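One-letter residues, chain by chain:
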Amino acid sequence: MRYKMLFNSFAYAIYLPAVFIMYYLLPSKYRNTMLLIASYYFYMSWNVKLIVLILTTTVISYLGAKFIHKGKSPKIFLLLSIATCVGILLFFKYFNFFSLTITDILRSISLPVPEFTLDLLLPVGISFYTFQTLSYVIDVYKKKIEPESKFFTYALYISFFPQLVAGPIERPENLIPQFKTKHVFDYEKAVYGAKQIAWGAFKKVVIADTLAQYVNLVYNHLPDHKGFSIILATFFFAIQIYCDFSGYTDIAIGSARLLGFDLMQNFNVPYLATSIKDFWARWHISLSSWFKDYVYIPLGGSRVSPWKCYRNLLVTFLLSGLWHGASLTFVAWGLYHGALNCIQTFVKKHFKNFKAPKAISICVTFCLVCGGWILFRMNNINDIFYIVRYTFHGITSPFNYLWQGLSDLGLAGLSGIYITLPILLLVVVEVINYKSDVLSLVKKLPVCIKWVLYWVLTYVVVIFFIYQVNLNVAQDFMYFQF
Amino acid sequence: MKRFLLKISIMFVPLACFIIFIGLFEVNNYFGIYKERTLEDHLISRMKAFERDPQKTILLGDSRFARFTRKGCEKVEIEQKITNMAFGGATIYESMELFWWAAEREKIEKVIFGLSYYNFNNIYTNTTFARYKKLNNNTIAYLFSSECIKGAYNNFKSKAFPSPEPQVNYKEYADLIYSVCEKYKLNDDAIEELKEIVEYCDNNGIEIIFVTPPMHKSIWENVITPLDLYDEMEDYKNQLSQMATLYDFEQADNEISSKYGEDFTDGFHFGVSSKGLFEYKKQIYQLCGLI
């Protein structure tokens, strides 16, 4: 297969309409089979060998749930299923990380240990679909759901192409029943889905990929930058990662909507969160709710002594950090958020009457989240020392501090306006989405204005995409690496 | 669903119009729609023509060789068996990279390489080959490239609003060439790279022939003589003749430039439909054993 089926690719622009048309032309009884084949084709476009891994995980979890439900040693089958699926994930994603970490530790105590790594391919989406299989076997064990009788339906739940490689991490009780209902073409749903795809593509191609150049300029060449340029790059990264990931999610949800499926919401205006806990209720909702339901609550959640509650928070966020990647920077990021959550829990418990104005809460939360993004984006854990030392370098001359930062990134002139306009548009849309739904509001506009908006949105995306492809600056979706 | 598909189709009406416009006016015959191998002597059109119909004999060089197969120039039958890969504005580096690109694809037997003192000016060190190679390999990138869009637009403009041929002004052209050659220095690096091509040709049984082009007397009078470039011209030609066969038309008393002087449209180029161009290329084909 020649073309990776990235959402921002011409291959996907051909693939999705083909699947859409085939889906509604086929009689209902063949649709799930078609979707399954299409989903495996989608996945194999990255690497044909990946099909072996996903099928293995699917078969093991399917059979594991069956045996769990039969009632004979359910705990053993649960542990076996979890161990196998997580084992595959750990092996492919974390083997080299742990091997090198252990080697470094042993060498630091003067033990001459050779480096041992394996040249493993990182299966795209493995973190996402593994968690879906875990949801399934655990929910069957807890008797929340019945095991799915048809293997193909279950396989489709795991491999459904819109959410296969970067989520949302769907719960079986939400998605599996949708494969059993007959989908009649819903015009309103399809139009909404198409608009969502266009808006997601705009966020990814126009905003995220444009900002990526500035972020990479600073974070990949830190010693060449000091002062305000680091703050600007961090701010841009906050927008980049949000637009990249939520853009992807919008395309995923929109694609599913075209086919009549409803995937769970994954983002809910996270940068307007009023606290760190509120942020995590709005950011990557499918993952944070997964960790809450399958790690935090089973550990005892907040219904334990304060110290155990803090432990539970730190463990949950540590695992969340590790889930994002096999690197100390992600571990540090996870622990950072864990610590912030502990502090908030402490403050909430001991200063119940304390309530800051909403605007201040939002600003403070955003700044704290950006602090975490510094850790997330760093190439090396040691970069933190440089960043701490030089971020406020020159701040005693505020005007020079700001101007130098803008000049370093080439934003002192028209480029600054060129960057600001899409960000302003994003802010306006997010503020509207806080209380309402901008895509539904667009429907109420006069027809000619609506069409001008659709055309401008679509062709701005097309032009930006072509420009980026020509300059070789188009970026992969960031969460593909997780 | 029909209503939905209709609305989606309307969304892409501007894109469809764009593609139709390009299809009608695209100048490089990129998609092989036209019978003519190439419509314009641009690098992309040459690459596409070679990919579609590679011949064992190729021409390399700049606009002076490119005109041999332009529409309006009387054809010589042997040109059916030649791929003209010369293009307007070709630097020596671009011509050399084009040779390597072609040699990778086809077993070439003969290369006729048009070179002049002008190509060996040290200021011409640029090459855009990598970009055009990418456009050649990527249809979508080409479709939306400035080369494709500008080319189509200019083609449309010339057909919709034809403009008269510009008046010949040898002095103005010579002054332009003078300004470029004022700090002329022979590009020794390019000559060294050319030696690698000659060595490759020798090792692979490819006959390589260098040809220098005739020039209008205005160039000799207003550029070569005032700047005294005779030593540099002799130097590069000596080096070329030591490497391979050289047919030297770049002389002040050359028969072609003397007899057909009025056929020049500027100091370097013969008119496309002129007798001078036809006789010049015919002589080259005869000397190279093609007719």
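Everything in this summary refers to the structure shown in the same document. (Residues numbered from 1 in each chain as written. Chains lettered and ligands numbered in written order. Predicted model: local features only at pLDDT ≥ 70, side-chain atom pairs only at ≥ 80, totals over all residues. Heavy atoms only, no water.)

1. As for a nonpolar patch on the surface
All names here are of chain A. The grouping of Leu414, Ile417, Leu421 and Leu424 at the surface amounts to a nonpolar patch, some 440 Å² of accessible area in total. For Leu421, the position within the fold is in helix α18 (residues 414–435). By relative accessible area, which is 53% here, Leu421 ends up exposed. (Patch = residues over 30% accessible without salt bridge, like charges linked within 9 Å, V, L, I, M, F, W, Y side chains within 5 Å. Areas by Shrake-Rupley, 256 points an atom, 1.4 Å probe, with all protein chains shown as cover. Salt bridge = Lys/Arg side-chain N within 4 Å of Asp/Glu carboxyl O. Helix = DSSP H or I, 4+ residues; strand = E, 2+ residues; numbered from the N terminus. Buried < 20%, exposed > 50% of the residue type's maximum accessible area, 1.4 Å probe, protein only.)

2. Some details on unusual backbone geometry
All names here are of chain A. Pro168 follows Gly167 through a cis peptide bond whose omega is 5°. With respect to the secondary-structure elements, Pro168 resides in the loop between α7 (161–164) and α8 (172–175). The phi torsion at Ser110 lies on the positive side, around 65°, for a residue other than glycine. Within the element layout of this structure, Ser110 appears in the loop between α4 (74–108) and α5 (126–141). In this structure Ser110 comes out as exposed when scored by relative accessible area, which is 64%. Although it is not a glycine, His284 sits at a positive phi angle of roughly 45°. Relative to the elements of secondary structure, His284 occurs in the loop between α11 (276–280) and α12 (285–296). Overall, the relative accessible area of 1% leaves His284 in the buried class.

3. Considerations on the pairing of strand β1 (residues 57–60) of chain B
Where a strand is regular, its side chains alternate between the two sheet faces. All names here are of chain B. Burial along β1 is two-sided: the face carrying Thr57 and Leu59 and the face carrying Ile58 and Leu60 are both buried. Sheet topology places β1 next to strand β2 (residues 82–84); three bridges connect them, and they run parallel. Its bridge partner being in β2, Thr57 is matched across the sheet by Ile82. Across four bridges, the pairing between β1 and strand β3 (residues 110–114) is parallel. Each residue of the ladder has a partner; that of Leu59, found in β3, is Ile112. (Pairing = 2+ DSSP bridges.)

4. Focus: the interface of chain A and chain B
Counting from both sides, the interface comprises 20 residues of chain A and, opposite them, 17 residues of chain B. Around 1,700 Å² of area is buried between chain A and chain B when both sides are counted, 74% of it from carbon and sulfur atoms. Summed over the shared surface of chain A and chain B, the result is zero salt bridges. Where chain A packs against chain B, one counts five residue pairs in polar contact (both at pLDDT 80 or more). Elements represented by at least two residues in the side of chain A that touches chain B include exactly α1 (10–25), α9 (187–219) and α20 (447–470) of chain A. When residues in the side of chain A that touches chain B are grouped by element, the largest group, eight residues, is from α20 of chain A. Its residues assigned to classes, the side of chain A that touches chain B shows 17 nonpolar, three polar and no charged. (Contact = heavy atoms within 4.5 Å. Buried area = accessible area lost by both parts, 1.4 Å probe. Polar contact = N/O pair within 3.5 Å; in protein donor to acceptor, adjacent residues only side chain to side chain. Nonpolar A, V, L, I, M, F, W, Y, C, P; charged D, E, K, R; others polar.)

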